[in-house]
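# Geometric and topological summary
Listed below are the residues making up each chain.
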Amino acid sequence: MAIVITLDRMLLKRGMTLSELALRIDITLANLSILKTGKARAIRFSTLDAICRELQCQPADLLGYDPTGPEAPPAE
Amino acid sequence: MVSSTGRPWQSGGILSVTRAAIRAVTALCWLGVLAALCALPVVYFDRSWLQRSADIASPAGTPAPLFLYFSLGLAAIVALLVISLVFLRHLDRFVRAVQGGHPFAHGHALRLRRMAWLMLAMESLSILIGLYASWMGPGFAWMEVGGGLSITGMIAVLMLFVMARVFAAGSAMREDLDGVV
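Residues numbered from 1 in each chain as written. Chains lettered and ligands numbered in written order. Predicted model: local features only at pLDDT ≥ 70, side-chain atom pairs only at ≥ 80, totals over all residues. Heavy atoms only, no water.

### Examining the overall build of chain A
We apply this condition: The numbering of helices and of strands both runs from the N terminus, where a helix is a DSSP run of H or I of at least 4 residues and a strand a run of E of at least 2. A radius of gyration in this sense is built from C-alpha atoms; the matching globule rule multiplies 2.2 Å by the number of residues raised to 0.38. To sort residues, take the accessible area from a 1.4 Å probe on protein chains only and compare it with the maximum for the residue type: under 20% means buried, over 50% means exposed, and anything in between is partly exposed. Working rule for contacts: check all heavy atoms of both residues, and any pair within 4.5 Å makes them a contact. The method behind every accessible area is Shrake-Rupley, applied with a 1.4 Å probe, and residues are considered shielded solely by the protein chains displayed. Neither His nor the chain ends is counted toward charge; the positive residues are Lys and Arg and the negative residues Asp and Glu. For charged residues, the charge sits on one atom: NZ in Lys, CZ in Arg, CG in Asp, CD in Glu.
A count of helices and strands for chain A gives five helices and two strands. The linear arrangement of helices and strands in chain A, starting from the amino end, is β-α-α-α-α-α-β. Expected size for 76 residues packed as a compact globule is a radius of gyration near 11 Å; at 12 Å, chain A falls within 12% of this value. In terms of overall dimensions, chain A has a C-alpha envelope of 35 × 25 × 20 Å along the principal axes. In chain A, which comprises 76 residues, the proportion classed as buried is 33%. Sequence separation of at least 24 residues holds for 63% of the intrachain contacts in chain A that already meet a minimum separation of 6. In the form shown here, chain A has an accessible surface area of approximately 5,200 Å², with 55% of it arising from carbon and sulfur atoms. The distance from the centre of the 9 positive side-chain charges to the centre of the 9 negative ones in chain A is 4 Å.

Rendered as structure tokens:
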């Protein structure tokens, strides 16, 4: 997918681990890991809101767009 | 991703009752197969009962091959029971998956489509057996195990085909939802 997740960069900036963030926003580590590795197909606004609140950042700090990336599968 | 425990479709006694009913009907089907297999040698050695119950017009001078007719009818009934057993096995696996919290698991649409075809085969065979039994005479009314043509059965076949489509869409949506964080 051309959408790039930059959560790891933000975590590094804030000095927070993935497990710590998972605990703070009440989401499973497995799900957060899926998001971090870019394997998620979609992200809920509520999840984005919680991450932004805890990391004190904007959604744009977590998401990027790489036009050279592979195309997303067509929506059903 | 959604946790798969404690959902409304898993709870309630209806699934347990269904599974118990499936087990009971499965046992009855096996009993029917066993009875049919036992009847064959018994009737082979004592055909007086066949002669009394049959009402088939035979060509002049030649006795009707009653045992052959009886065996054919019995084979059709056994085939119907075997198809029913396969259908019940599919239904049991389906109910078990729903109980386990996976109503839209991959492959359920295919399972429902197979069940629809099996039910269609059961209905068709049941009609054939009904016709065959009435041709054999009133003494063979016991052969009509499936009850002949059934409107509810035909509706069930159509419902299963429609449900297969619904579950195909459902599992696609489930797959999509699995990727949501």
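### A closer look at empty space enclosed by the protein
All names here are of chain A. Keep this limit in mind: Cavities and pockets were defined on a 1 Å grid built over protein atoms only: a cavity is a set of grid points that admits a 1.4 Å probe from which the probe cannot escape, a pocket is an open set flanked by protein on both sides within 12 Å along at least five of seven lines, and lining residues are those with an atom within 4 Å of any such point. Grid points are joined across faces, edges and corners, and a volume is the space filled by probe spheres set on the points. Residue type decides the class: Asp, Glu, Lys and Arg count as charged, Ala, Val, Leu, Ile, Met, Phe, Trp, Tyr, Cys and Pro as nonpolar, and the leftover types, Gly among them, as polar.
Inspection of the entire model under this criterion finds one cavity of 30 Å³ or more. Lining the largest cavity, in full, are I5, L7, L35, I43, L48, I51, L62 and L63. Along the lines of polarity and charge, the residues of the lining of the largest cavity split into eight nonpolar, no polar and no charged.

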